[in-house]
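# Inside the fold
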Amino acid sequence: MQPFEPGYAIAPTRLAGAVCDALLAALSPACVPRSRAGARHLMRNAAVAELAAGSELTAIARAWLGAGAVPFRATLFEKSSETNWLIPWHQDTALPLTARCASPGWSSWSEKEGVAYAHAPAWALSRVVALRVHFDPSEADNGPLRVLPGSHTSGVLTDREILGRVSSGNPVECLVERGGILAMRPLLIHASSKARSTAARRVLHIEYVDSLELGADIRLAIV
């Protein structure tokens, strides 16, 4: 899969059903504690780390970022009839760092499970791509990802600017088969609605960067 102007793409590569089943077992509630929406900081999970470093996903990440592409963060999103939620239109701007930095453009510092987070400048986010591994089919009635094609090229936007772009744009629903992989830039404006069906929608969101070293005093944490 080659990157292209809309800022997202669905890969022709599909993970086999047995691979999806094995990952779901490794990420079961008995193995991984859940929040309402899923689980974060999953690069510490051996099955996730192996998948992220595997040839199938690495090849896709390298097509977008170059030969140095490395995974640094993994998050499970789990939508079901019991945990049904919506996400308003937004961009993904927070990145995990090994330590706070004094470089300009990094703001809104916080800490999650002992990891420093900050809202990153556009130049840093342009070096990241996310690969969304679908453990269930993403269909029109189970709250699929919706994106605004091309919106990733406008930099970091305010909430008001985002809503303005959406109102004048043409959002697209990303429908993906089980085992399918969707790649997207973090600054791509996106959202998801509540599911209208009882079908689960479980997605493993793995982020890659062209180098963990973003600057002299800026290093991404692996979480």
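For the structure given in this document, a descriptive report is provided here.

## A few points about helix H1 (residues 17-26)
All buried positions along H1 are accounted for by Cys20, Leu23 and Leu24. The buried residues of H1 all sit within an arc of 100° when viewed along its axis, so they share a single face. Residues of H1 that are buried make contact with helix H2 (46-53), strand E8 (128-134) and strand E13 (201-209).

## Digging into the side chain of Ser192
Structurally, the position occupied by Ser192 is in strand E12 (residues 190-192). Among the polar contacts listed, one links the side chain of Ser192 to the side chain of Lys79, at a separation of 3.2 Å. Once you skip the residues sitting within four places of it in the chain, Ser192 turns out to touch Lys79, Trp85, Leu86, Ile87, Gly143, Pro144, Leu145, Arg146 and Arg201.

## Quick look at the sheet that holds strand E2 (residues 38-39)
On the basis of which strands lie adjacent, the open sheet formed by 6 strands has the order E1-E11-E8-E13-E3-E2 and antiparallel pairing. Of all the strands in the sheet, the pair left with one neighbour each is strand E1 (8-14) and E2. Pairing analysis gives 2 bridges linking E2 to strand E3 (residues 70-79), with the strands arranged antiparallel. Bridge pairing in E3 links Gly38 to Phe77.

## Re the pattern of salt bridges
For the coordinates displayed, the defined rule picks out 7 salt bridges. Linking Glu177 and Arg14 is a salt bridge whose minimum nitrogen-to-oxygen distance equals 3.2 Å. Here Glu177, found in the loop between strand E10 (172-173) and strand E11 (180-184), pairs with Arg14, found in strand E1; they are 163 residues apart in sequence, far enough to count as distant. Note on Glu177: relative accessible area 51%, which makes it exposed. One salt bridge in this structure joins Arg178 and Asp21, with 2.5 Å as the shortest N-O distance. Pair noted here: Arg178 is in the loop between E10 and E11 and Asp21 is in helix H1, with a separation of 157 residues, a long-range link. On the basis of relative accessibility, which here comes to 44%, the residue Asp21 falls in the partly exposed class.

## Brief notes about the nonpolar core
In terms of nonpolar packing, the biggest core is built from 31 residues, with Leu42, Leu57, Phe135, Leu204 and Tyr208 touching the most fellow members. For this core, the elements supplying multiple residues, two or more each, are E1, H1, H2, helix H3 (55-65), E3, E8, E11 and E13. The element best represented in this core is H3, accounting for 5 residues. Residues contacting Phe135, with those up to four places away along its chain left out, are Cys20, Leu23, Leu24, Leu27, Leu76, Arg178, Arg202 and Leu204.

Analysis parameters
Residues numbered from 1 in each chain as written. Predicted model: local features only at pLDDT ≥ 70, side-chain atom pairs only at ≥ 80, totals over all residues. Heavy atoms only, no water. Buried < 20%, exposed > 50% of the residue type's maximum accessible area, 1.4 Å probe, protein only. Helix = DSSP H or I, 4+ residues; strand = E, 2+ residues; numbered from the N terminus. Arc of directions from axis to C-beta. Contact = heavy atoms within 4.5 Å. Polar contact = N/O pair within 3.5 Å; in protein donor to acceptor, adjacent residues only side chain to side chain. Pairing = 2+ DSSP bridges. Salt bridge = Lys/Arg side-chain N within 4 Å of Asp/Glu carboxyl O. Core = buried A, V, L, I, M, F, W, Y, C linked by side-chain atoms within 4.5 Å.

Coordinates in, geometry out; function isn't part of it.
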